[in-house]
Amino acid sequence: SIRATNNNYRASVRTFDTELKEIPHISKFTRNACEISSWTNDTSLVRRKPSLVAQILIFAQRACIKRWRSQRSRLIDFIITVTAAFILGNIQGSAWDFVRSAPFFMQVQLVISVLTCTSSLLPFRDHVIYWREAASGVNRLAFFLATSLVDLIDVLGRPVVFAMIYLSITAPDIHLMDFVIISWFLAWTWSGIGYLVEQLIPSSSTVVSVLLPLIFGGFLVGLRPTISECNTPLLIILTFSPNRWGVEAMSIKNLEGFPEHLQPFVSMYLEAIGYNASNMVKNCSILFGMGCVYRILAFFAMILCHRDKQR
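S.K.: Any chance you could explain the side chain of Arg244 here in plain terms?
M.R.: Looking at the element boundaries, Arg244 is found in helix 12 (residues 242–255). Given a relative accessible area of 9%, Arg244 falls into the buried group. A polar side-chain atom of Arg244 sits 2.4 Å from a polar atom in the side chain of Glu248.

S.K.: How do you make sense of the nonpolar core when you look at a structure like this?
M.R.: The nonpolar side chains of soluble globular proteins are, as a tendency, buried together. One finds Val108, Tyr130, Phe162, Tyr166, Phe179 and Met302 to be the most contacted residues of the largest nonpolar core, which totals 52 residues. Elements with a contribution of two residues or more to this core: helix 4 (52–69), helix 5 (71–92), helix 6 (98–119), helix 7 (127–135), helix 8 (140–170), helix 9 (176–200), helix 12 and helix 14 (280–304). Apart from the residues lying within four places of it in its own chain, the contact partners of Phe179 are Phe105, Val108, Phe162, Ala163, Tyr166, Leu167, Ile174 and Met250. Ile227, Phe258, Tyr269 and Tyr275 belong to the second largest nonpolar core, which has 14 residues in total.

S.K.: Explain the packing of aromatic side chains here, please?
M.R.: In this description, an aromatic ring pair is defined by two values, namely the gap between the centres and the angle between the planes. On inspection of all chains with the given rule, the structure shows 13 aromatic pairs. With a centroid separation of 5.2 Å and 25° between ring planes, the pair formed by Phe124 and Phe144 is classed as stacked. Here Phe144 lies in helix 8 and Phe124 lies in the loop between helix 6 and helix 7, a separation of 20 residues in the sequence. Comparing Phe124 with Phe144, the two get one shared label, buried. Every member of this aromatic cluster is reached through a ring pair, and the members are Phe59, Phe124, Tyr130, Phe143, Phe144, Tyr195, Phe299 and Phe300.

S.K.: How do you make sense of the packing of helix 8 against helix 14 when you look at a structure like this?
M.R.: The axes of two packed helices give the description: the angle between them and the distance between them. Contact geometry for helix 8 and helix 14: axes closest at 11 Å, N-to-C directions at 135°. What the angle tells us is that helix 8 and helix 14 run oblique. Judged by the sense of rotation from one axis to the other, the crossing of helix 8 with helix 14 is right-handed. Note on element contacts: helix 14 touches helix 8 through Arg295, Ala298, Phe299, Met302 and Ile303, opposite Arg140, Leu141, Phe143, Phe144 and Leu152. Looking at the contact of helix 8 with helix 14, its residues break down into eight nonpolar, no polar and two charged.

S.K.: What is the right way to look at the confidence of the model for the protein in this model?
M.R.: Detailed reading of the predicted coordinates is not advisable wherever pLDDT falls low. When pLDDT is averaged across the protein, the result is 82; 85% of the residues are at 70 or more. Between the elements of the protein, mean pLDDT differs from a low of 44, seen in helix 2 (residues 24–29), to a high of 94, seen in helix 9. Low confidence marks residues 23–40, where pLDDT is under 50. Its contacts with residues over four positions away, or in another chain, come to 15 contacts.

S.K.: How should the environment of Leu270 be read in this particular structure?
M.R.: Relative to the helices and strands, Leu270 is located in helix 13 (residues 263–273). It is 9.3 Å that separates the C-alpha atoms of Leu270 and Phe98, two residues lying 172 residues apart in sequence.

Cut-offs used in this document
- Residues numbered from 1 in each chain as written.
- Predicted model: local features only at pLDDT ≥ 70, side-chain atom pairs only at ≥ 80, totals over all residues.
- Heavy atoms only, no water.
- Helix = DSSP H or I, 4+ residues; strand = E, 2+ residues; numbered from the N terminus.
- Buried < 20%, exposed > 50% of the residue type's maximum accessible area, 1.4 Å probe, protein only.
- Polar contact = N/O pair within 3.5 Å; in protein donor to acceptor, adjacent residues only side chain to side chain.
- Core = buried A, V, L, I, M, F, W, Y, C linked by side-chain atoms within 4.5 Å.
- Contact = heavy atoms within 4.5 Å.
- Phe/Tyr/Trp six-rings, centres within 6.5 Å; stacked < 30°, edge-to-face > 60°.
- Axes fitted to C-alpha atoms, helices over the stretch in contact; angles between N-to-C directions.
- Parallel < 35°, antiparallel > 145°, perpendicular 65-115°, else oblique.
- Left-handed = near helix turned anticlockwise from the far one by under 90°.
- Nonpolar A, V, L, I, M, F, W, Y, C, P; charged D, E, K, R; others polar.
- pLDDT = per-residue confidence, 0-100.

Set out below in C-alpha cells:
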C-alpha cells in the first residue's frame, strides 16, 4: 500500500508539472525569478547588488582585515627590507663620486624591484576565493581596485623604509624626498608586473617574479653597454625596462647636488652614458604609465584566465 501511494504521488507530480508547463505565463516566468517579479510587479524577488563604490569599500575592508591578520609575514617583509638596505649601504659605503652614481643606483633599484615584485604576488594569490565570488556575480573591477589600493600601503611604504636605512649609511647627494619619489614610481611599475605575473603563471610566479627584476634590473639598464653604444633592437628592449628609466632619473638627481666646478665633468659623464639631464619628469611619467598599463593587463588577465571557473 505504501508503494502504491508513492507511485500515485509521483504520477500526480508529473501530471502537475506537465500542466504547469502548458500555462504560458508560468512556464515563462518560473525560469527566471527576476522576470517573475517584473510580471507580478513584486520587487522583493529581485536580487539587488551593491554599487561599484560600495563593493570597493567592502573588498577594501576585507583586504585590510586580511592584512591585519598577516602581521607575521609583514614583519618578515619589514626585516628583509631593513636588512637589504643595511647590507647594501655598508657594501657601497659613503665614498661617492659621479662615476659610481649610476652603478650604485642600479644595485639599489635591483633590490627594490625584487622586493616589490615578489611581494606583489600575495594580494591576488587566493584564486579559488576570487573564482567563487566572480561566479556569484561580484563586480570584478571592484575586487581588483580594492585589493590593489590596499596593497599600496606596502608598495609605497617599502621604499620609505629602505631609503631611511640606506641613505643614513651612504649619504649620497640626492635628497631623501627625490630618492623616495623615484623609488615610488619604480615600485608602482614592478607591483603592476607582479600582479600580471600572478594572473598569467600562478604556478611559477615566484620564480618569474625574481628572474624578471634580475634581468631588467641587472642587465637591461643601459650601463654595460651604455645607451649611447646600444644598437636599435637593444634600445627598443631597453625601452620596456623600468630600471633603465629609474636609474637615469636617480642618477640625474644625485649628480645635481655635486659642486658647480664638477658639473662639466658630470655633463660629460651623462653624455657618455646616453643620459639627458632634462629627462627627470619624462622618466617618472614613463614609469607611472608603465605601472598603469601593467595593472590594466593584470585586470584583463584576471578576467580572461580560468574563465570557466568564474561561471
